[in-house]
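# Coordinate analysis (summary)
What follows is each chain in one-letter form.
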Amino acid sequence: MNVVFSRRDAEWFSPPHAPERRYLIAPLTFRERQAFRADLARDGGIYPPKAQMLEALRLAITEAAPGNAEELAVAIARAEAEPDDPEAQAPLAMIEAACAAIPSYAGLLAARQRYIGMLPWVAARHALRGWEGADLAPFKRDRGLVSEALMDALPQEDIEPIGWRASALMQPGRDAEKNSAAPSPSPASPAPMTAD
């Protein structure tokens, strides 16, 4: 087995459905994360934000012109105003499903799906440092990445769990979050003293 180690601690990971295969995944360094983000933008496009999706949903309702368009617009506004309320969010899923084929919404929905679909593949490509298991090709990285051909040779059902684990390792842990938190405010400066 040929294993390339990262400067940071890597971990062995087995997909839940295939405990006989193990993949060595490394947390990415700062520069590696920037390269990952650039490749994700190239391969996966841009993830449309929630506000843009809701605006497209409003436009789709206008285009479809259903008899209850006003009621649907109110439901979207409520979901936007109360993002943490499951009752406010429930109608939104039905509206999204009904508008999925309307061009003004379908394009953004496709962009989101492409981004989400490519994220684990790109993350795995950047984070993999080795693997072991029957029927796996010899591991190799070239210029900091597993090649596309080698990624395509992996069992396809392994890529998503590997990629999502790699993505999770990119997030700062609790210790790192403490180190990056804003410093506590300094105590107030003492008032100037005057001579009596």
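Shown above is the structure to which this text applies.
In this text, all values refer to a predicted model and were calculated from it rather than measured experimentally.

## A short note on the packing of aromatic side chains
Across all of its chains, the model carries three aromatic pairs by this definition. Measuring from ring centre to ring centre gives 6.1 Å for Tyr23 and Trp131, while their planes differ by 75°; the resulting arrangement is edge-to-face. Of this pair, Tyr23 sits in strand β2 (residues 22-25) while Trp131 sits in strand β3 (residues 128-132), and the two are 108 residues apart along the sequence. Summarising the burial analysis for this pair, Tyr23 and Trp131 share the class buried.

## Things to note about unusual backbone geometry
We note that Ala65 has phi near 50°; this positive angle belongs to a residue other than glycine. Of note, Ala65 is situated in the loop between α2 (50-64) and α3 (69-81). Note on Ala65: relative accessible area 55%, which makes it exposed. Although it is not a glycine, Arg143 sits at a positive phi angle of roughly 55°.

## Observations concerning a nonpolar patch on the surface
Where nonpolar side chains cluster on the molecular surface, the patch consists of Tyr47, Ile116 and Trp164 and spans about 270 Å² of accessible area. Along the chain, the position of Ile116 falls in helix α5 (residues 103-127). Given the relative accessible area of 35%, Ile116 is considered partly exposed.

## A look at the packing of helix α1 (residues 30-44) against α5
Following both chains from N to C, one finds α1 and α5 inclined at 140°, their axes separated by 9 Å at the closest point. On the basis of their axis angle, the class for α1 and α5 is oblique. For the element pair α1 and α5, the recorded crossing hand is right-handed. Contacts from Glu32, Ala35, Phe36, Asp39, Leu40, Arg42, Asp43 and Gly44 of α1 reach α5 at Ala111, Arg114, Tyr115, Met118, Leu119, Trp121, Val122, Ala123 and His126. Across the contact of α1 with α5, the residue classes tally to 10 nonpolar, two polar and five charged.

## Looking at the nonpolar core
Ranked by internal contacts, the top residues of the largest apolar core, which has 25 residues, are Ile25, Phe36, Leu128, Trp131, Met151 and Leu154. Counting residues per element, the ones that place at least two in this core are β2, α1, α5, β3, α6 (148-153) and α7 (156-170). Apart from the residues lying within four places of it in its own chain, the contact partners of Phe36 are Leu28, Leu119, Val122, Ala123, His126 and Met170. Counting 16 residues, the second largest nonpolar core, distinct from the first, contains Met53, Ala79, Ile95 and Tyr105.

## What about the packing of α5 against α7?
To characterise two packed helices, one gives the angle between the axes of the helices and the distance between these axes. Closest axis-to-axis distance for the α5/α7 pair is 7 Å, and the angle between their directions is 75°. It follows that α5 is roughly perpendicular to α7 by the angle criterion. Between α5 and α7, the contacting residues are Ile116, Leu119, Pro120, Trp121, Ala123, Ala124 and Ala127 on the first element and Ile159, Glu160, Ile162, Gly163, Trp164, Ala166, Ser167 and Met170 on the second. Class assignment for the residues of the contact of α5 with α7 results in 12 nonpolar, two polar and one charged.

## Digging into the sheet that holds strand β1 (residues 11-13)
Pairing is antiparallel across the open sheet formed by three strands, whose spatial order is β1-β2-β3. The sheet is open, and its two borders are formed by β1 and β3, each paired with just one other strand. Strand-to-strand twist of the sheet, defined as the mean angle between neighbouring strand axes without regard to direction, takes the value 25°. Alignment of β1 against β2, held across three bridges, turns out to be antiparallel. Within β2, the position partnered with Trp12 by the bridge is Leu24. Packed onto the sheet, α7 meets β1, β2 and β3 and runs at close to 30° relative to β2.

Conventions adopted
- Residues numbered from 1 in each chain as written.
- Predicted model: local features only at pLDDT ≥ 70, side-chain atom pairs only at ≥ 80, totals over all residues.
- Heavy atoms only, no water.
- Phe/Tyr/Trp six-rings, centres within 6.5 Å; stacked < 30°, edge-to-face > 60°.
- Helix = DSSP H or I, 4+ residues; strand = E, 2+ residues; numbered from the N terminus.
- Buried < 20%, exposed > 50% of the residue type's maximum accessible area, 1.4 Å probe, protein only.
- Patch = residues over 30% accessible without salt bridge, like charges linked within 9 Å, V, L, I, M, F, W, Y side chains within 5 Å.
- Areas by Shrake-Rupley, 256 points an atom, 1.4 Å probe, with all protein chains shown as cover.
- Salt bridge = Lys/Arg side-chain N within 4 Å of Asp/Glu carboxyl O.
- Axes fitted to C-alpha atoms, helices over the stretch in contact; angles between N-to-C directions.
- Parallel < 35°, antiparallel > 145°, perpendicular 65-115°, else oblique.
- Left-handed = near helix turned anticlockwise from the far one by under 90°.
- Contact = heavy atoms within 4.5 Å.
- Nonpolar A, V, L, I, M, F, W, Y, C, P; charged D, E, K, R; others polar.
- Core = buried A, V, L, I, M, F, W, Y, C linked by side-chain atoms within 4.5 Å.
- Pairing = 2+ DSSP bridges.

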